[in-house]
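Here are the chains, one letter per residue:
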Amino acid sequence: MGGSSKIAKNLKADAFVYVGPKCIIYPNVEIGAYSMLANNVSILGADHKYTIPGVPIIFAGRDKLLNTQIGKDVWIGAHAIIMTGVKVGDGAIIAAGSVVTKDCEPFTIYGGVPAKKIKSRFEKDEDIEVHRNMLLKNSNSLGFGINDLC
């Protein structure tokens, strides 16, 4: 976990997760094995009540925070914002500076404000299956060695 980060006590992070410096992670977040969050990534928002007529937002209270799921082997670039309640699929990549407001498909690259699908991470379906099988195998054993790459 990177220095100067503000991370909720109930974060569930699997094996080999990296959280860079100055990240903000709200409650009810799960991060899968081998995922990386660069510096200044935020997982937050969607918690203020703003639809009560006659009550300023600051006094309206907060809704219950939704669960946020970051899959296995996800790479989230610097300064990206993931809104609470979003599911980022296994193997997805989120470009630096993106704002993710909706679920992201597995093995897909997203970017922009709001984040949109840019392209698939792998060109062939067979490559996705190879990668998916590796994640399943190594997540079950909770270990990954250099020999597993050869």
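Residues numbered from 1 in each chain as written. Predicted model: local features only at pLDDT ≥ 70, side-chain atom pairs only at ≥ 80, totals over all residues. Heavy atoms only, no water.

**Looking at the nonpolar core**
Then step 1. One finds Ile-76 and Ile-94 to be the most contacted residues of the largest nonpolar core, which totals 23 residues.
Then step 2. Contact partners of Ile-94, with chain neighbours within four places excluded, come to Trp-75, Ile-76, Gly-77, Ala-80, Ile-82, Val-88, Val-100, Cys-104 and Tyr-110.
Then step 3. Judged by nonpolar contacts, the second largest core, of 5 residues, contains Ala-33, Tyr-34, Phe-107 and Ile-128. (Core = buried A, V, L, I, M, F, W, Y, C linked by side-chain atoms within 4.5 Å. Buried < 20%, exposed > 50% of the residue type's maximum accessible area, 1.4 Å probe, protein only. Contact = heavy atoms within 4.5 Å.)

**Thoughts on the side chain of His-131**
Then step 1. Along the chain, His-131 falls in helix α1 (residues 125–141).
Then step 2. With relative accessibility at 16%, the residue His-131 sits in the buried group.
Then step 3. When sequence neighbours within four positions are dropped, the list of residues in contact with His-131 reads Asp-73, Phe-107, Arg-121 and Phe-122. (Helix = DSSP H or I, 4+ residues; strand = E, 2+ residues; numbered from the N terminus.)

**Topic: the sheet that holds strand β7 (residues 42–44)**
Then step 1. In space, the 5 strands of this open sheet follow the order β1-β4-β7-β10-β13, with parallel pairing throughout. This sheet does not close on itself; its edge strands, each paired only once, are β1 (6–7) and β13 (99–100).
Then step 2. Alignment of β7 against strand β10 (residues 81–83), held across 3 bridges, turns out to be parallel. Residue pairing across strands places Leu-44 opposite Met-83, the latter belonging to β10. (Pairing = 2+ DSSP bridges.)

**Observations concerning the pairing of strand β14 (residues 108–111)**
Then step 1. Burial along β14 is two-sided: Thr-108 and Tyr-110 facing one way and Ile-109 and Gly-111 facing the other are all buried.
Then step 2. Relative to β14, strand β12 (residues 93–94) runs parallel, the two being bridged by 2 bridges. Directly across from Ile-94, in β14, lies its bridge partner Tyr-110.
Then step 3. For β14 and strand β15 (residues 116–120), the ladder comprises 4 bridges, and the chain directions are antiparallel. Across the sheet, Tyr-110 pairs through a bridge with Lys-117, a residue of β15.
Then step 4. The hairpin formed by β14 and β15 contains 4 residues between the paired strands, and Gly-112 there has a positive phi angle of roughly 110 degrees.

**Some thoughts on the packing of aromatic side chains**
Then step 1. Considering all chains together, one arrives at 2 aromatic pairs under this definition.
Then step 2. Pairing Phe-16 with Tyr-34 gives two aromatic rings, centres 5.7 Å apart and planes at 5 degrees, and the pair type is stacked. On the criterion of sequence distance, the pair formed by Phe-16 in the loop between β2 (12–13) and β3 (18–19) and Tyr-34 in the loop between β5 (29–31) and β6 (36–37) is long-range, its members being 18 residues apart.
Then step 3. Given a relative accessible area of 52%, Phe-16 falls into the exposed group. (Phe/Tyr/Trp six-rings, centres within 6.5 Å; stacked < 30°, edge-to-face > 60°.)

**Digging into the side chain of Asp-73**
Then step 1. In this structure, Asp-73 sits in the loop between β8 (68–70) and β9 (75–76).
Then step 2. Classification of Asp-73 as buried rests on a relative accessible area of 17%.
Then step 3. At 2.9 Å, the side chain of Asp-73 and the side chain of Arg-121 are in polar contact.
Then step 4. Excluding residues within four positions of it along the chain, Asp-73 makes contact with Ala-33, Tyr-34, Ser-35, Gly-91, Ala-92, Arg-121, His-131 and Leu-135. (Polar contact = N/O pair within 3.5 Å; in protein donor to acceptor, adjacent residues only side chain to side chain.)

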